[in-house]
Amino acid sequence: MIPYSTQDIADADVKAVERAVRHPYLTQGPAIERFEKQLAEAAGTKYAVAVSSGTAALHAAYAATGIGKGDEVIVPAMTFAATANAVLYLGAVPVFADVDPATGLIDVADAERKITKKTKLLVSVDYSGRPAPYRALRALAKKYKLAYVSDGAHSLGATYYGQPVGGQADMTTFSFHPVKSIATGEGGAIATNDRALYEFLLMFRTHGITKDPKKLTRDEGPWYQEMHALGFNYRMTDIQAALGESQMKRLSAFIKKRRALAARYPKLLAKIPGIVLPPPERTNETSAWHLYPIQVDPKKRRAIFEAFRAAGIGVQVHYLPVYRHPYYESIGYKKGLCLNAESFYAREISIPIYPRLSKRDQDAVAHTLKNIFTDHA
Ligand SMILES: *Cc1c(COP(=O)(O)O)cnc(C)c1O
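Everything numeric here is computed off the predicted structure, so don't read it as measured data.

Further remarks concern the overall build of the chain. Of regular secondary structure, the chain possesses 13 helices and 16 strands. By the compact-globule yardstick of 21 Å for 377 residues, the chain fits well, its C-alpha radius of gyration being 21 Å. Across its three principal axes, the chain shows a C-alpha extent of roughly 75 × 55 × 40 Å. The buried share of the chain, reckoned over its 377 residues, is 54%. Carbon and sulfur atoms make up 55% of the accessible area of the chain, which totals about 17100 Å². Positive and negative charge centroids in the chain, built from 49 and 36 side chains respectively, lie 4 Å apart.

What follows is about the site of the ligand. Within the structure, the ligand sits among 14 residues, and Gly54, Thr55, Asp151, Ser175 and Lys180 are positioned closest to it. Between an oxygen atom of the ligand and a side-chain N or O atom of Thr55, the distance comes to 2.6 Å. Residue His154 places a side-chain N or O atom 2.8 Å away from an oxygen atom belonging to the ligand. Burial of the ligand by the surrounding chains reaches 92%, relative to a free accessible area of 380 Å². In terms of residue count, the dominant contributor to the shell around the ligand is helix 3 (residues 54-64) (3 residues).

Following the criterion strictly, the structure yields 21 salt bridges and no others. A salt bridge links Arg218 to Glu220; the nearest nitrogen and oxygen atoms lie 2.9 Å apart. Using a relative accessible area of 49% as the deciding quantity, one classes Arg218 as partly exposed. We classify Glu220 as partly exposed; its relative accessible area is 41%. A salt bridge links Asp297 to Lys299, with the shortest nitrogen-to-oxygen separation between them at 3.8 Å.

By size, the foremost hydrophobic cluster in this structure holds 47 residues, and its most contacted members are Tyr62, Val73, Phe96, Leu121, Met171 and Ile190. Elements represented by at least two residues in this core include exactly strand 2 (47-51), helix 3, strand 3 (72-76), helix 4 (82-89), strand 5 (119-125), strand 6 (147-151), helix 7 (195-204) and helix 12 (339-347). In terms of residue count, the dominant contributor to this core is helix 3 (8 residues). Three or more residues apiece are contributed to this core by two domains, here domain 1 (2-248) and domain 2 (251-375). For Tyr62, the residues in contact, after removing those within four places along its chain, are Ile67, Thr83, Ala86, Val87, Leu90, Leu121, Val123 and Val149. With 40 residues, the next largest nonpolar core counts Phe35, Ile74, Tyr134 and Ala288 among its residues.

Attention now moves to the domain arrangement of the chain. Interfaces are frequently sized by the accessible area removed from exposure as the parts join. Segmentation of the chain into domains returns domain 1 (2-248) and domain 2 (251-375). When each unit is reduced to the centre of its C-alpha atoms, the spacing between domain 1 and domain 2 is 25 Å. Contacts between the two partners involve 49 residues from domain 1 and, on the opposite side, 52 residues from domain 2. When domain 1 packs against domain 2, the two sides together hide about 4100 Å² of surface, and 59% of this comes from carbon and sulfur. One can count 32 residue pairs in polar contact (both at pLDDT 80 or more) joining domain 1 with domain 2. With 4 residues, the top contributor of residues to the side of domain 1 that touches domain 2 is strand 4 (residues 93-97).

Attention shifts here to the side chain of Glu226. With respect to the helices, strands and loops of the structure, Glu226 is situated in strand 12 (residues 226-227). Buried within the structure, Glu226 lacks any salt-bridge partner; its nearest side chain of opposite charge belongs to Arg218, at an N-O separation of 4.7 Å. A distance of 2.8 Å separates the side chain of Glu226 from the side chain of Tyr224, its partner in a polar contact. When sequence neighbours within four positions are dropped, the list of residues in contact with Glu226 reads Gly208, Ile209, Thr210, Lys215, Leu216, Thr217 and Arg218.

Here Thr79 lies in the loop between strand 3 and helix 4. Overall, the relative accessible area of 3% leaves Thr79 in the buried class. In terms of polar contacts, Thr79 uses its side chain to reach the side chain of Thr83, at 2.7 Å.

What follows is about the sheet that holds strand 13 (residues 285-286). Spatially, 8-7-13 is the arrangement adopted by the 3 strands of the open sheet, whose pairing is antiparallel. Strand pairing shows two members of the sheet lacking a second neighbour, strand 8 (163-164) and strand 13, which therefore form its edges. Of the strand pairs in this sheet, strand 7 (residues 159-160) and strand 13 are connected by 2 bridges, and their pairing is antiparallel. What sits directly across from Tyr160, in strand 13, is Glu285.

Here helix 9 (residues 251-269) contains 19 residues, and its C-alpha end-to-end distance of 27 Å stays within 8% of the 27 Å for a straight helix at 1.5 Å per residue. All buried positions along helix 9 are accounted for by Leu251, Phe254, Ile255, Arg258, Leu261, Ala262, Arg264, Tyr265, Leu268 and Leu269. Looking at the buried side of helix 9, the elements it contacts are helix 2 (30-43), helix 8 (238-248), strand 14 (292-295), strand 16 (348-351) and helix 13 (359-375).

Moving on, we get to the environment of Glu41. Here Glu41 shows up in helix 2. Accessibility expressed as a relative area gives 68% for Glu41, which makes it exposed. In sequence terms Glu41 and Pro164 are 123 residues apart; their C-alpha atoms lie 9.0 Å from each other.

Calculation rules
Residues numbered from 1 in each chain as written. Predicted model: local features only at pLDDT ≥ 70, side-chain atom pairs only at ≥ 80, totals over all residues. Heavy atoms only, no water. Helix = DSSP H or I, 4+ residues; strand = E, 2+ residues; numbered from the N terminus. Rg over C-alpha atoms; globule rule 2.2 N^0.38 Å. Buried < 20%, exposed > 50% of the residue type's maximum accessible area, 1.4 Å probe, protein only. Areas by Shrake-Rupley, 256 points an atom, 1.4 Å probe, with all protein chains shown as cover. Lys, Arg positive; Asp, Glu negative; His and termini not counted. Charge placed at Lys NZ, Arg CZ, Asp CG, Glu CD. Near = heavy atom within 4 Å. Polar contact = N/O pair within 3.5 Å; in protein donor to acceptor, adjacent residues only side chain to side chain. Salt bridge = Lys/Arg side-chain N within 4 Å of Asp/Glu carboxyl O. Core = buried A, V, L, I, M, F, W, Y, C linked by side-chain atoms within 4.5 Å. Domains from an automatic or database assignment. Contact = heavy atoms within 4.5 Å. Buried area = accessible area lost by both parts, 1.4 Å probe. Pairing = 2+ DSSP bridges. Expected span 1.5 Å × (residues − 1).

Written out as structure tokens, the structure is:
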């Protein structure tokens, strides 16, 4: 079985985990700080805060903007549910923006149409690893005085106008789930250049408790710490951080491999009529190529998908527009809200792309796709 994505674990990763698991600190030890330093460097930001998942990173970042009950948050419809769920965790209201039909990235004009007096936060997603239109989104956030968070779960290692993805929004979140740019099992992080946001995030991930002498309101003794906000236990273990630290040494090699595979697919798939390939990278941008999303005739999508799986190729579909999930329908969201996202979903299949995918296996994917198209023409 060729999966649509999978981690790349080397002997060095295994050794790093072994060292970590024998270290006196299994959590809140030195590996976290080292991993965060690497992350901040890779994201081009002053600070990075490691947390227990990409979802925890979103929750912490949204909480840091101060959003709460009744506030509206613009979120693209074409994303994993967590991007919108974390808005609901805080009692705020996700307002879905439609996407560009070619890239699946947020449509800035539609995002602007959805802004009301209640809007407090703008969120974009680097769908498939491709940077969102950050310049336009930053201008939009500035015009309407909104906080801006980028969900970069797909895009660690991508670049935008010569800068790594990470410093474009007020905060950028990452995920280290095994299918993402690097793997820690479960894990995530928030990158930011803002000192006050950084300090809030550190507190939020550990119950809202601080030990910082400058912040304590009383001095009751050397043991003393105080809770200043309702936080969570969103800490990452040192075992995970050690794996992350070891994986980060190969981040650029991983992305290089993904980009090489992405550059090869158009040549392999050129002669198949009826499939639409993802657009190439734009000038001044590189994608992390988390996904390779192709589009097919929506009437044939299911048969093509099933034929892939039958041939041992683990394709996937990314994503059902978030508001089409029964839970979102149960709280009042209706079909037809974002037509481009619905059409994108109806056509999309993610075909395999990951660092360990060999040329031979990639050839096999292309060959299978050709055969499927001959059968389903
Ligand atoms: C993976 C992912 C998340 C959630 O990350 P976890 O680490 O699985 O919690 C959030 N947003 C997007 C777009 C993702 O792909």
